[in-house]
Amino acid sequence: MAGTVRGEAAPLRRGLPRVARGEPWPPADDDALPAPTIDAMTGAPAATTAATTAAAAAATAAPVTALPPAEGSPAAARPAVGTPSGSHRRGLPRVAGAEPWPPASAGTGPTGPAVAASAVAAAAGSEAASAPAKPAPVPERPTTPERTAAPERDAARERPAAPAPTRAPNAARTAAPRARSPIIISTRAASAPSTSPAPSTSAAAPTPAGATTGIARLRHLPRPTQVVLGSLALLLVAAVAVLAVRGLTTYRVVQDFLQTYPGEYPLPDTVESGFPAWIGWQHFLNAFFIVLIIRSGWQVRTEKRPSAFWTARWAKTKRRISLNLWFHQALDVLWLLNGVVFVVLIFATGHWLRLVPSSWAVFPNAVSALIHYLTLEWPTDNGWVTYNSLQQLMYFIVVFVAAPLAALTGVRMSGIWPKRTTRLNAAYPIEVARAIHFPVMLFFVGFIIVHVALVFATGALRNLNHMYGSSDEVNWIGFGIFFASLVVMVATWIAARPLVIAPIASLFGKVTAR
């Protein structure tokens, strides 16, 4: 009496995932192939997986369902989801944008063991007709498929599987190998397939929005290139301004205005000519402090991760600030002390009359001096006796407007400002102080650049003697003092690093590293 014996399940070859970033299909708990059926009399496999595959490749017009899984396997225990009776389970499309395979039109017809048995019989018949079958040895026990035998998952973990005997090559697979069509997953529409090659990963990044404007493009250039282009732009603007003002001076009305207002007006008779010696060292200290204040202030504004912090010893609340901020505030204190001494001395000696305008004629004379500067024909220079009106206005703004604004806004942003005074904070918000403090710094930077340029352009030796040598003579004494002060400023600029600042700051508080 003939009968069949079901063999052990074999691992199933897993393929592409069904969903994006999913695990390979079928799941790990469904990795056993249906157990092959062995003839009990001869011991030969009744139907093999290869014959089933060849039969399915030969009959593509009529898809055949897979054999039912072995009894007791995980695949047999799990019900088929989404596969109603009489229809096929559909998978990924064969081409980009097509419907799932097999088509819906091929999903009708009888399914189940009857169709599987007929397909297996047809495959077995074609195999026997195409190539002579070699007699298979009769094993004492059921043989395993081509892959390593794998019993149930838990049993496989406890003991290794025995090696499977080698089976004779399948004639159907050798004669007609199945050509697998690649599975293409695409999100593009099927009606408009793309024929262009895949984009290169080395392609340049897309241009950010707004980069079409000139300013946005300049922001992406290297810093040295920006400096060079900015300098060229300033030179171009200056050249245009000089040509334009020179053209204006050809008009009769402008010439009459320049003759009426030569650029300066006479000061009161009580004003003494010349510069006392304390003006020289006050000028050096002021320049020394303001240059370092601008540098440290810019560092505070741009630093993201301070390398060291400073904490005051006497403060009740241990507020920690960056070391650069401490250095900036320490320079502010020294600059303010020097400014207080300067203000006291100018009022004690009467020098304030050279800085404070005493006549409304200062404004038209300032315009006249500006026209002379723009035409590169310098106004009458008699700085040992009096400033021209434009100089007087600028020095007045620096001493009595810009310096107090820098001090008041700096104190509002510092730690010495009382935090619990609600009314005072509401009347003077910190946002207002920040909005004023930075433009004041830019004003000082512009003033220093123009001031130094004009000092060298309108007679460097004589002007430097006025500033540092307290003399109206033309010699190199003032220049030598200026050069020595410049060396001190450059050396301090280079030495102003945390390695040098930290020991000094530790004398007044506690310095900690990040």
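To be clear, the structure that these remarks concern was listed above.
Predicted model only: the values in this text are computed from it and were never measured. (Residues numbered from 1 in each chain as written. Predicted model: local features only at pLDDT ≥ 70, side-chain atom pairs only at ≥ 80, totals over all residues. Heavy atoms only, no water.)

### Some remarks on the packing of helix H9 (residues 277-302) against helix H16 (residues 477-495)
Okay, step 1: Where H9 contacts H16, the two axes come as close as 11 Å, and the packing angle between them is 25°. For the element pair H9 / H16, the angle class is roughly parallel. Between H9 and H16 lies a crossing of right-handed hand. Residues Phe 284, Ala 287, Phe 288, Val 291, Leu 292 and Arg 295 of H9 lie in contact with H16, whose contacting residues are Ser 485, Val 488, Met 489, Thr 492 and Trp 493.
Okay, step 2: Class assignment for the residues of the contact of H9 with H16 results in 8 nonpolar, 2 polar and 1 charged. (Axes fitted to C-alpha atoms, helices over the stretch in contact; angles between N-to-C directions. Helix = DSSP H or I, 4+ residues; strand = E, 2+ residues; numbered from the N terminus. Parallel < 35°, antiparallel > 145°, perpendicular 65-115°, else oblique. Left-handed = near helix turned anticlockwise from the far one by under 90°. Contact = heavy atoms within 4.5 Å. Nonpolar A, V, L, I, M, F, W, Y, C, P; charged D, E, K, R; others polar.)

### Structural notes on the nonpolar core
Okay, step 1: Formed by 38 residues in total, the largest nonpolar core has its most connected members in Trp 326, Trp 335 and Phe 444.
Okay, step 2: For this core, the secondary-structure elements that each account for two or more residues are H9, strand E3 (308-312), helix H10 (323-349), helix H12 (389-413), helix H14 (430-457) and helix H17 (498-505).
Okay, step 3: With 9 residues, the top contributor of residues to this core is H9.
Okay, step 4: Membership of the second largest hydrophobic core comes to 10 residues, among which are Leu 267, Ala 366, Leu 390 and Leu 393. (Core = buried A, V, L, I, M, F, W, Y, C linked by side-chain atoms within 4.5 Å. Buried < 20%, exposed > 50% of the residue type's maximum accessible area, 1.4 Å probe, protein only.)

### With respect to the side chain of Asn 388
Okay, step 1: With respect to the element layout, Asn 388 can be found in the loop between helix H11 (362-374) and H12.
Okay, step 2: Overall, Asn 388 belongs to the buried group, its relative accessible area being 5%.
Okay, step 3: Only 2.9 Å separates the side chain of Asn 388 from the backbone nitrogen of Gln 391, close enough to count as a polar contact. (Polar contact = N/O pair within 3.5 Å; in protein donor to acceptor, adjacent residues only side chain to side chain.)

### Brief notes about the packing of aromatic side chains
Any pair of aromatic rings gets described here by the distance separating the centres and the angle formed by the planes.
Okay, step 1: Using the criterion set out here, one finds 24 aromatic pairs in the structure.
Okay, step 2: When the ring of Phe 284 is compared with that of Phe 288, the centres are 6.0 Å apart and the planes differ by 35°; the resulting orientation is tilted. One end of the pair, Phe 284, and the other, Phe 288, are both in helix H9, 4 residues apart, so they sit about a helical turn from each other.
Okay, step 3: Measuring from centroid to centroid gives 6.4 Å for Phe 479 and Phe 482, while their planes differ by 50°, and the two rings are tilted. With a gap of 3 residues between them, Phe 479 and Phe 482 both fall in helix H16, about one helical turn apart.
Okay, step 4: Three or more aromatic residues joined by ring pairs make a cluster, and in this case those are Phe 275, Trp 335, Trp 384, Tyr 387, Tyr 395, Phe 443, Phe 444 and Phe 447. (Phe/Tyr/Trp six-rings, centres within 6.5 Å; stacked < 30°, edge-to-face > 60°.)

### Section: the pattern of salt bridges
Pairing between side chains of opposite charge can happen when the charged atoms of each approach one another.
Okay, step 1: In total, this model carries 4 salt bridges according to the counting rule given.
Okay, step 2: One salt bridge connects Glu 23 with Arg 14, and the closest N-O pair in it is separated by 3.5 Å.
Okay, step 3: What makes Arg 14 partly exposed here is its relative accessible area of 34%.
Okay, step 4: The closest approach of N and O atoms between Asp 472 and Arg 462, which form a salt bridge, is 3.0 Å. A residue pair is termed long-range when its members are at least 10 positions apart, and Asp 472 in the loop between helix H15 (460-469) and H16 and Arg 462 in helix H15 qualify at 10 residues. (Salt bridge = Lys/Arg side-chain N within 4 Å of Asp/Glu carboxyl O.)

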